[in-house]
Amino acid sequence: MQIYKTVAEIREALAAEALHKKIGFVPTMGALHKGHLSLVEKCHLESDLTVVSIYINPAQFRPQEDLNRYPRNFEKDIDLLRNYHADLVFTPDNAQMYPEGYCTWVTVEGLSDILCGASRPGHFRGVSTIVLKLIHIVQPKLMFMGMKDYQQIIVLEKMIEDLNLDTKIVRCPIVREPDGLAMSSRNLYLSSEERQRATCLIKALKKAQMMVNEGCLSSSILISEAENIIKQADGKIDYIKIVDGSTLQELAEVHSGARMMLAVYIGNTRLIDNLELLP
Ligand code: AMP
């Protein structure tokens, strides 16, 4: 496994190695857990060359957010990636990705302003820009992404379509702790008491799914039940919405492909999760 810190170096390595090879790519911000590693594993199975990036992208954090305390665990990440058969690891610094005078940004309009985009203005502009840059550098056929960040996948699929990129996103299932909490680097922020309360997200989602199975299709009823579960656990709701799984538009009634999406603060930690309510 080779590690590259500059755009020029990884370009050169890929140019030499990648001829006629199907490149698979897993972009991450590091502090790797089993969720990330499931993507690397799938990438290794489905591609000829597994490229992983570790880069904490400042452009997707707002000034008051957790950029400075975002978990960093470089040495351990590298060991894990070696065990999971990554071939090339790209770990650029900010000067590589946003050199002095940098001024080009990509925005997927509409989809970037709702749900997490409404609470975190500019977040998806930062995500779209860095992922477009990484796609240009790595030129993957397949890019493996987790459905935990469901809106991110929808935004990036639209960017790929609109800009005619030759990369396909492989949607990967959410990896969860035994009690159902979606794995996330931000779970490290939770105290043990908060960690227990954090299971309210999956409980709310599962309850909604169960009610749909029993015939309740009204979004307002499903959302109010989910709100109760979150409030009982003393969670602060950022949003709970039921949306169409392709367009992310809000639904008054659940139909096939509908998803419940939520963002909840447990203490100061903002957690997100989502679940398809009806296949
Ligand atoms: P991040 O490092 O948080 O930017 O995440 C990098 C990639 O890992 C994204 O595609 C995430 O959706 C994915 N990911 C994060 N957590 C999980 C999880 N629990 N299960 C599956 N994929 C995940």
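Here the structure is a predicted model, which means the values were calculated and not measured.

## Some remarks on the overall build of the protein chain
Part 1: Within the protein chain, the secondary structure is distributed over ten helices and nine strands.
Part 2: Overall, the C-alpha framework of the protein chain stretches about 55 × 40 × 40 Å when taken along its three principal axes.
Part 3: Out of the 279 residues belonging to the protein chain, those deemed buried represent 54%.
Part 4: If you take every contact in the protein chain between residues at least 6 apart in sequence, the share linking residues at least 24 apart comes to 72%.
Part 5: Averaging the coordinates of the 31 positive side-chain charges in the protein chain and doing the same for the 35 negative ones gives two points 2 Å apart.

## Topic: the site of the ligand
Part 1: Contacts to the ligand come from 16 residues, most closely from Met29, His36, Asp149, Val175 and Met183.
Part 2: Contact distances for the ligand include 2.6 Å between an oxygen atom and a side-chain N or O atom of Asp149.
Part 3: Separating a nitrogen atom of the ligand from a backbone N or O atom of Val175 is a distance of 2.9 Å.
Part 4: Contact with the protein chains hides 93% of the accessible area of the ligand, taken as 490 Å² for the molecule alone.

## Section: the packing of helix H1 (residues 7–17) against helix H6 (residues 123–138)
Part 1: Packing of H1 against H6 leaves a shortest axis separation of 9 Å and a crossing angle of 45 degrees. On the basis of their axis angle, the class for H1 and H6 is oblique. Between H1, through Val7, Ile10, Arg11 and Leu14, and H6, the contact on the second element is made entirely by His136, Ile137 and Val138.
Part 2: Taken together, the residues that form the contact of H1 with H6 break down as five nonpolar, one polar and one charged.

## Thoughts on the sheet that holds strand E9 (residues 269–276)
Part 1: Strand order across the open sheet formed by three strands is E7-E8-E9, with antiparallel pairing between neighbours. Both outer strands of the open sheet, strand E7 (236–244) and E9, are each paired with one neighbouring strand and no more. On average, each strand axis in the sheet is inclined to that of its neighbour by 15 degrees, with strand direction left out of account.
Part 2: In this structure, E7 lies alongside strand E8 (residues 258–266), joined through eight bridges in antiparallel fashion. If you follow Ile237 over to E8, its bridge partner there is Val264.
Part 3: Relative to the sheet, helix H10 (residues 219–232) contacts E7 and E8, its axis offset from that of E7 by approximately 150 degrees.

## A closer look at the state of the cysteines
Part 1: Tallied over the full model, the rule gives zero disulfides.
Part 2: Left unpaired, Cys200 is separated from the closest cysteine sulfur, that of Cys116, by 16 Å.

## Quick notes on helix H9 (residues 200–213)
Part 1: In this model H9 runs 20 Å from its N-terminal to its C-terminal C-alpha over 14 residues, within 8% of the 20 Å that 1.5 Å per residue would give.
Part 2: Looking only at H9, the buried set comprises Cys200, Leu201, Ile202, Ala204, Leu205, Ala208, Met211 and Val212.
Part 3: Buried residues in H9 make contact with helix H8 (192–197), H10, E8 and E9.
Part 4: Taken from the residues just after H9, Gly215 is the one with a positive phi, measuring 110 degrees.

## Digging into the environment of Cys172
Part 1: In this structure, Cys172 sits in strand E6 (residues 168–172).
Part 2: On the basis of relative accessible area, Cys172 is assigned to the buried category, the value being 1%.
Part 3: Separated by 133 residues in the primary sequence, Cys172 and Leu39 place their C-alpha atoms 6.8 Å from one another.

## Notes on the domain arrangement of the protein chain
Part 1: Here the protein chain is described as being made up of domain 1 (2–172) and domain 2 (185–276).
Part 2: Put simply, the middle of domain 1 and the middle of domain 2, counted by C-alpha atoms, are 26 Å apart.
Part 3: Contacts between the two partners involve 21 residues from domain 1 and, on the opposite side, 18 residues from domain 2.
Part 4: Taking both sides of the interface into account, the surface hidden between domain 1 and domain 2 amounts to around 1,700 Å²; carbon and sulfur atoms contribute 57%.

## Re the side chain of Gln152
Part 1: Its place among the elements puts Gln152 in helix H7 (residues 150–162).
Part 2: Look past the residues within four positions of Gln152 in its chain and what remains in contact with it is Phe124, Val127 and Met145.

## What about the packing of H6 against H7?
Part 1: Between H6 and H7, the least distance of the axes is 10 Å, while the angle of their chain directions is 55 degrees. When the interaxial angle is binned, H6 and H7 end up oblique. Crossing handedness for the pair H6 and H7: right-handed. Contact residues: H6 offers Phe124, Val127, Ser128, Val131, Leu132 and Ile135, while H7 offers Gln151, Gln152, Val155, Leu156, Met159 and Ile160.
Part 2: Taken together, the residues of the contact of H6 with H7 break down into nine nonpolar, three polar and no charged.

## Focus on helix H2 (residues 34–46)
Part 1: Taking 1.5 Å as the rise per residue, H2 with 13 residues should run 18 Å; its terminal C-alpha atoms sit 18 Å apart, in good agreement.
Part 2: Along H2, the residues classified as buried are Gly35, His36, Leu37, Leu39, Val40 and Cys43.
Part 3: Looking at the buried residues of H2, the elements they touch are strand E2 (23–28), strand E3 (49–54), helix H3 (74–83), strand E5 (142–146) and E6.

Each value, and the rule that gives it
Residue positions within a chain follow its written sequence, with the count starting from 1. In view of the model being predicted, local features appear only for residues whose pLDDT reaches at least 70, and side-chain atom pairs are presented and counted only at 80 or more, with totals across whole chains, interfaces and linings using the full set of residues. Remark: hydrogens and water are excluded; side-chain values derive from all non-hydrogen atoms of the structure. Secondary structure follows DSSP: runs of H or I at least 4 residues long count as helices, runs of E at least 2 residues long count as strands, and numbering of each begins at the N terminus. Three labels apply to residues, based on accessible area from a 1.4 Å probe with only protein chains included: buried if under 20% of the type maximum, exposed if over 50%, partly exposed otherwise in between. The contact definition used throughout considers only heavy atoms, calling two residues in contact when any of these lie within 4.5 Å. Only four residue types enter the tally: Lys and Arg on the positive side, Asp and Glu on the negative side; His and the chain ends are excluded. A charged residue contributes its charge at one atom only: NZ of Lys, CZ of Arg, CG of Asp or CD of Glu. Summary of the distance rule: residues count as near a molecule or strand when at least one heavy atom falls within 4 Å of that molecule or strand. Two N or O atoms form a polar contact when they lie within 3.5 Å of each other; inside protein one atom must be a possible hydrogen donor and the other a possible acceptor, and for residues adjacent in sequence the pair counts only when both atoms belong to side chains. Surface accessibility in these figures is a Shrake-Rupley result with a 1.4 Å probe; residues are shielded only by whichever protein chains are displayed. Angles here are taken between N-to-C directions and fall from 0 to 180 degrees, while the axes themselves are lines fitted to C-alpha atoms, restricted in helices to the stretch in contact. Working definition: roughly parallel below 35 degrees, roughly antiparallel above 145 degrees, roughly perpendicular at 65 to 115 degrees, and oblique for all remaining angles. Here the nonpolar group is Ala, Val, Leu, Ile, Met, Phe, Trp, Tyr, Cys and Pro; Asp, Glu, Lys and Arg are the charged ones; every other residue, Gly included, is treated as polar. Strands are treated as partners if at least two bridges between them are detected by DSSP. The disulfide criterion used throughout: a pair of cysteine sulfur atoms within 2.5 Å. What a helix is expected to span follows from its residue count: subtract one and scale by 1.5 Å. Note that the domain bounds reflect an automated or database-derived domain assignment. Each of two parts loses accessible area, computed with a 1.4 Å probe, when they are put together; buried area is these two losses added. We call a crossing left-handed when the near helix sits turned anticlockwise from the far one by less than a right angle, and right-handed when that turn is clockwise.

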